[in-house]
Amino acid sequence: MSDVAARLSIGRLDVHSAADAARWDAFVLGCPQATFFHRAGWQTLIREVFRHDTYFLYAQAGESIRGILPLGHVRSRLFGNALTSLPFAVYGGVAALDEEAAAALEREAEQLAQRLGVDHLELRHVQRRHTDWPLQELYVTFRKSIAPKEEDNLLAIPRKQRAMVRKGIKNGLTSHIDTTVDRFFALYADNVHRHGTPAFPKAYFSGLRRVFGSDCEVLTVCAPDGRPISSVLSFYFRDEVLPYYAGDDEAARELAANDFKYWELMRLACARGLKVFDYGRSKQGTGSYAFKKNWGFEPTPLHYEYRLYKSDSVPQNNPANAKYRWLIAAWRRMPIGLANWLGPKIVRNLG
């Protein structure tokens, strides 16, 4: 054992301690491996909105944090029993300054998973860490640098999609930064209902705004008559913007509102001096995957690694699984009021 490993101790973030949260977030901001989804605020949201237990672990040497690993315990009769870093997040897993801290945190996570009796431990890494662990190979992410000049960003969009952006501008669309999630949620809930999937509760999006403040922002696109037709909720982290949840009215396609929306987000990010546009996660072979490729973004595989304890294969709790096709079809036919009431009871277990 190295001297560093011998000096390491494992602690757990106290959800009620503002000082602990500030110390945790200071590490997150300074650690190159850390992401927006490593922030301490997720512990509050996962506990308060989704009512799941959390275990936000940190490794320290003396008084100095060397690594973190946020975990959520999601138990469901329908979808299984999992310890995940991090539920409802694109990125997760260990973020550490050295391998000794990373290894110590993962050992603690494995021991915790066995004490809790989960079916599996899931670590959502960008870079692969465990070549001997089964891998979920469904997802990719799309990231691209933002050029310093607005015109250069527009010209970097391939011609066909650039024409759609110009169409949105010509159609007289306008963008607005909202102070509430009201318009966003109406568009989002209607959008996911049309796709046959349950919506997160409105309280979750209000919670995101409350917990993360100005680092969580809603941009809504309106038609010339003032009607909201497209909206996106984005996260800001260091020099990056991450459009994460979105919704569109059925009229958005004809007016090119979706392309206009993301262009406006990129344009405003450029004006703020941000450096990276993170288009987020998509499943391979889907419409969103093709849309992002058409914007000139190249996919990067996400390495969701699994330590299996009570199953022989990686779970497939996603709409691409054929066994959920009849549920998706039934959900589309459900009245939206009923879907919005029932949806949060289901989606809280999907993680």
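Small disclaimer: the values here were computed from a predicted structure and weren't measured.

Moving on, we come to the UniProt feature "domain: BioF2-like acetyltransferase" (unreviewed entry) in the chain. UniProt feature "domain: BioF2-like acetyltransferase" (unreviewed entry): in the numbering of this structure it lies at residues 160-293. Between the C-alpha atoms that bound residues 160-293 the distance is 12 Å, and the span itself is 46% helix and 29% strand.

Here we come to the sheet that holds strand 14 (residues 299-301). With mixed pairing, the seven strands of this open sheet are ordered in space as 9-10-11-12-13-8-14. Whereas interior strands pair on both sides, the edge strands pair on one side only; in this sheet they are strand 9 (174-178) and strand 14. If you compare each strand with its neighbour and ignore which way they point, the axes differ by 30° on average. Sheet analysis places strand 11 (residues 228-237) next to strand 12 (residues 240-248), joined by eight bridges and oriented antiparallel. Paired with leucine 233 across the strands is tyrosine 245, a residue of strand 12.

Residues three or four positions apart in an α-helix share a direction because the helix packs 3.6 residues into each turn. Of the positions making up helix 8 (residues 202-212), those classed as buried are Tyr204, Phe205, Gly207, Leu208 and Phe212. Taken around the axis of helix 8, the buried residues stretch over an arc of 155°, which confines them to a single face. Contact partners of the buried residues in helix 8: helix 3 (41-48), helix 7 (182-194), strand 10 (216-222), strand 11 and strand 12. Just downstream of helix 8, glycine 213 is the residue with a positive phi angle, here 55°.

About the cut-offs
Residues numbered from 1 in each chain as written. Predicted model: local features only at pLDDT ≥ 70, side-chain atom pairs only at ≥ 80, totals over all residues. Heavy atoms only, no water. UniProt positions renumbered as here; feature names shortened; annotations may be inferred. Helix = DSSP H or I, 4+ residues; strand = E, 2+ residues; numbered from the N terminus. Pairing = 2+ DSSP bridges. Axes fitted to C-alpha atoms, helices over the stretch in contact; angles between N-to-C directions. Buried < 20%, exposed > 50% of the residue type's maximum accessible area, 1.4 Å probe, protein only. Arc of directions from axis to C-beta. Contact = heavy atoms within 4.5 Å.

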